[in-house]
Amino acid sequence: MIFKPENSVIQQITLPNKDVELFIKREDKIHEFVSGNKYRKLKYNLLEAKTRGFKTLLTFGGAYSNHIAAVASAGLGFQFKTIGVIRGEELESEISNNHTLRFAKQNGMQFKFVSREVYRNKTSESFINELKNEFGDFYLIPEGGTNALAVRGCEEILVDINGRYDYVCCAVGTGGTISGLINCSKLRQQVLGFPALKGGFLQQDISNFVEQTNWELITDYHFRGYAKVNEGLIKFINQFKKEHGIPLDPVYTGKMMFGIFDLIQKNYFPEGSKILAIHTGGLQGIKGMNAKLVKRNLPIII
Ligand SMILES: *Cc1c(COP(=O)(O)O)cnc(C)c1O
């Protein structure tokens, strides 16, 4: 299995008549399925699991989870058995209609579908022990892949020369990626996180992994919640691809970029600012989202 972190180049996004400069770092180019931040987050966890002699990886996720797709693909590539604990019992009969689950299954992932109530215990010791009784010993990767080793991997997203950007922006799910970015940012830089979901827990979760305070969460662009979209967002994603040739995903990077464009419009960034947006990948989720959009009679992502 070959990852290409060297493919993660920085491209400028041309903005008409604006007095700020916008760039995007193409982490989505690292691997087709273990894309963007999921490669960064898994890197040291996979090494740790191998070193400690584990044969099985177990993790948690929802029906469209980029993390589930990434763990399944990386597990196959590095000879781990993989188990996905999936939120929603009703999905058991939907595997063949769900792009992400079908992909994960084709990559050898075994599923355990649980109700939303049971899923809430995903960090409880008794539930983990139950899972060990059922599946044998495994290396546990938390939901979204965020732990200290994941943060360490994300600290490799920025290198010294990236210190010339005034702002570094990323989408936020569980907060592992932004934590790594904060840890490798210069103090004179400002790291802006765009949460893809509602919820006040993120501020605390991130604080547990970082010491620097040069960061902020911009909470106005979650579009009413995780994986929720509207027509305006879909049109923006399609327009962005048409103009700049870069695909964005509807759950994370589309919302972040929508937010950055809106903030530029509102003169949030001082004149002359250099802004670096991180393309964290997630493009595998487009097919699943399009299937939902068709059902709702909304335009699809091109
Ligand atoms: C998982 C994911 C995120 C969120 O990363 P966290 O480390 O959980 O905050 C952001 N963007 C994309 C494309 C993702 O797949």
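Right above here is the structure, for reference.
All of these numbers come straight from a predicted model, not from anything done at the bench.

J.: Explanation requested: the pattern of salt bridges in the structure shown.
T.: Between side chains of opposite charge, a pair can form when the charged atoms approach closely. With the rule as written, the count across this model stands at 13 salt bridges. Close ionic contact of glutamate 27 with lysine 25 constitutes a salt bridge, the shortest N to O distance being 2.8 Å. With a shortest N-O distance of 2.7 Å, aspartate 160 and lysine 186 are connected by a salt bridge. You can see aspartate 160 sitting in the loop between helix H6 (148–154) and strand E7 (167–172) and its partner lysine 186 sitting in the loop between helix H7 (176–183) and strand E8 (190–195), a full 26 residues away along the chain.

J.: I tried to follow the packing of aromatic side chains on my own but got confused; where do I start?
T.: One pair of aromatic rings is described through two measures. These are the centre distance and the angle between the planes. In total, this model carries 18 aromatic pairs according to the counting rule given. Where phenylalanine 194 meets tyrosine 221, the ring centres are 6.2 Å apart and the plane angle is 45°; that geometry is what we call tilted. Here phenylalanine 194, found in strand E8, pairs with tyrosine 221, found in the loop between strand E9 (215–217) and helix H9 (231–244); they are 27 residues apart in sequence, far enough to count as distant. Per residue, the accessibility class of phenylalanine 194 equals that of tyrosine 221, and both read buried. Centroid distance phenylalanine 236 to phenylalanine 261: 5.3 Å. Interplanar angle 75°. Geometry classified as edge-to-face.

J.: Explain the nonpolar core to me, please; I cannot follow it from the model alone.
T.: Across soluble globular proteins, nonpolar side chains show a tendency to be buried alongside one another. Counting residues in each nonpolar core, the largest one holds 38 residues, and the members touching the most others are Phe194, Met257 and Ile260. Formed by 26 residues, the second largest nonpolar core is a distinct cluster that contains Phe3, Leu42, Phe80 and Phe113.

J.: Help me understand the side chain of threonine 253 in this model?
T.: Here threonine 253 shows up in helix H10 (residues 253–265). The exposure class assigned to threonine 253 is buried, which follows from its relative accessible area of 0%.

J.: It is not clear to me how the packing of H9 against H10 should be interpreted in this structure. Could you clarify?
T.: Geometry of a packed helix pair, given as the angle between the helix axes and the separation of the axes. Close contact between H9 and H10 brings their axes to 10 Å; oriented N to C, the two are set at 80°. Taken together, the axes of H9 and H10 are roughly perpendicular relative to one another. Mapping the contact onto sequence places Gly232, Leu233, Phe236, Ile237, Phe240 and His244 in H9 and Gly254, Lys255, Met257, Phe258 and Phe261 in H10. Its residues placed into classes, the contact of H9 with H10 shows seven nonpolar, three polar and one charged.

J.: Just checking my understanding: could you explain the sheet that holds strand E3 (residues 56–61) for this structure?
T.: Across a sheet, strands are paired by hydrogen bonds formed along the backbone, either parallel or antiparallel in direction. Spatially, E5-E4-E3-E6 is the arrangement adopted by the four strands of the open sheet, whose pairing is parallel. A single partner strand is all that each edge strand has here, and the edge strands are strand E5 (110–114) and strand E6 (139–141). Mean inter-strand twist for the sheet, computed between neighbouring axes without regard to direction, equals 20°. Note: E3 against E6, three bridges, orientation parallel. By the bridge assignment, threonine 59 is partnered in E6 with isoleucine 141. Across the sheet, helix H1 (residues 37–51) touches E3 and E6, and the angle it forms with E6 is around 170°.

J.: Sorry if this is basic, but what is going on with the sheet that holds strand E1 (residues 10–13) here?
T.: Read from one edge of the open sheet, six strands run E1-E2-E10-E7-E8-E9, paired in mixed fashion. Of all the strands in the sheet, just E1 and E9 have a single pairing partner and so form its edges. Strand-to-strand, the axes of this sheet are offset by a mean angle of 25°, without reference to chain direction. Summarising the sheet, E8 and E9 pair through three bridges and their orientation is parallel. Bridge pairing in E9 places leucine 192 opposite glutamate 216.

J.: It is not clear to me how the site of the ligand should be interpreted in this structure. Could you clarify?
T.: Near the ligand lie 15 residues; those nearest to it are Lys38, Lys41, Thr174, Thr177 and Thr280. At a separation of 2.9 Å, an oxygen atom of the ligand approaches a polar side-chain atom of asparagine 37. Sorting the residues of the shell around the ligand by element identifies H1 and H7 as the ones contributing at least two each. The element best represented in the shell around the ligand is H1, accounting for three residues. In terms of residue class, the shell around the ligand is built from two nonpolar, 11 polar and two charged.

Procedures and definitions
- Residues numbered from 1 in each chain as written.
- Predicted model: local features only at pLDDT ≥ 70, side-chain atom pairs only at ≥ 80, totals over all residues.
- Heavy atoms only, no water.
- Salt bridge = Lys/Arg side-chain N within 4 Å of Asp/Glu carboxyl O.
- Helix = DSSP H or I, 4+ residues; strand = E, 2+ residues; numbered from the N terminus.
- Phe/Tyr/Trp six-rings, centres within 6.5 Å; stacked < 30°, edge-to-face > 60°.
- Buried < 20%, exposed > 50% of the residue type's maximum accessible area, 1.4 Å probe, protein only.
- Core = buried A, V, L, I, M, F, W, Y, C linked by side-chain atoms within 4.5 Å.
- Axes fitted to C-alpha atoms, helices over the stretch in contact; angles between N-to-C directions.
- Parallel < 35°, antiparallel > 145°, perpendicular 65-115°, else oblique.
- Contact = heavy atoms within 4.5 Å.
- Nonpolar A, V, L, I, M, F, W, Y, C, P; charged D, E, K, R; others polar.
- Pairing = 2+ DSSP bridges.
- Near = heavy atom within 4 Å.
- Polar contact = N/O pair within 3.5 Å; in protein donor to acceptor, adjacent residues only side chain to side chain.

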